[in-house]
Amino acid sequence: MAAVLAAATAGIAAADTVELPERPDYTGVLFADHPALVDPHPLRAESWSRLADEHAIAVHFTTGTPQCYGVHATVTETPDAVVVDLQGGTLPEAAGRAGIMIAAAGSVEVGLQQPVGDRKVLAGSQPLDKSG
């Protein structure tokens, strides 16, 4: 699966921040934030949703199964925006073993210093397809 993901991301570079749409009805697998990924790479954030805890949001993405792949989120807050960077990669305990080739719709909870309120939620380090 790592080879498939690597091939799928060939020719990809980081783009400027983009505004994420809010999707309150999003359903997907909840991934735990995992800062110790093997071979981390920028992961495209697709949307976000509010949580009951107003000091957190859920950020949505597509990656491999949670048994093999993980995500790490970092956040930068300003008075006008919340910028979330996602990194995807292999879980340390799955390194060196084959993962199944199934895409998983996922989300990760991201803590905030201040409630999101009416601030824009932006994705930083978005992969950009440079093949076109």
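Residues numbered from 1 in each chain as written. Predicted model: local features only at pLDDT ≥ 70, side-chain atom pairs only at ≥ 80, totals over all residues. Heavy atoms only, no water.

1. Observations concerning the overall build of the protein
Part 1 of the argument: The helix and strand inventory of the protein stands at one helix and 11 strands.
Part 2 of the argument: Each helix and strand of the protein, placed in order from N terminus to C terminus, yields the pattern α-β-β-β-β-β-β-β-β-β-β-β.
Part 3 of the argument: Split into buried and exposed, the 132 residues of the protein put 38% on the buried side.
Part 4 of the argument: Residue pairs at least 24 apart in sequence account for 81% of intrachain contacts in the protein once pairs closer than 6 positions are excluded.
Part 5 of the argument: Surface accessibility of the protein: about 7,200 Å² in total, with carbon and sulfur atoms responsible for 55%. (Helix = DSSP H or I, 4+ residues; strand = E, 2+ residues; numbered from the N terminus. Buried < 20%, exposed > 50% of the residue type's maximum accessible area, 1.4 Å probe, protein only. Contact = heavy atoms within 4.5 Å. Areas by Shrake-Rupley, 256 points an atom, 1.4 Å probe, with all protein chains shown as cover.)

2. Observations concerning the sheet that holds strand 3 (residues 29-30)
Part 1 of the argument: Ordered in space as 3-9-6-5, the four strands form an open sheet in which the pairing is mixed. With one partner strand each, in any of the chains shown, strand 3 and strand 5 (45-50) form the two edges of the open sheet.
Part 2 of the argument: Two elements, strand 6 (residues 56-63) and strand 9 (residues 104-111), share eight bridges in a ladder whose sense is antiparallel. Bridge pairing in strand 9 links I57 to V110. (Pairing = 2+ DSSP bridges.)

3. Things to note about the pattern of salt bridges
Part 1 of the argument: This structure, assessed with the given rule, holds two salt bridges.
Part 2 of the argument: Here E22 and R50 are joined by a salt bridge, their closest N and O atoms 2.9 Å apart. Here E22, found in the loop between strand 2 (18-19) and strand 3, pairs with R50, found in strand 5; they are 28 residues apart in sequence, far enough to count as distant.
Part 3 of the argument: In this structure E22 comes out as partly exposed when scored by relative accessible area, which is 35%.
Part 4 of the argument: For E77, the salt bridge is made with R119, and the minimal N-O distance between the two is 2.9 Å. Placement of the pair is E77 in strand 7 (residues 69-77) and R119 in the loop between strand 9 and strand 10 (120-124), with a sequence separation of 42 residues. (Salt bridge = Lys/Arg side-chain N within 4 Å of Asp/Glu carboxyl O.)

4. Digging into unusual backbone geometry
Part 1 of the argument: Positive phi outside glycine occurs at D39, with the angle close to 50°.
Part 2 of the argument: For D39, the location among the structural elements is in strand 4 (residues 38-42).

5. Points about the pairing of strand 8 (residues 81-90)
Part 1 of the argument: Burial analysis of strand 8 places nine of its 10 residues in the buried class, which makes it a mostly covered element.
Part 2 of the argument: Relative to strand 8, strand 4 runs antiparallel, the two sharing three bridges. Its bridge partner being in strand 8, V38 is matched across the sheet by T90.
Part 3 of the argument: As paired strands, strand 7 and strand 8 are joined by nine bridges and run antiparallel to one another. The residue bridging Y69 from the neighbouring strand is T90, located in strand 8.
Part 4 of the argument: The turn linking strand 7 back onto strand 8 is made up of three residues.

Scope: geometric values only; no functional claims are made or implied.
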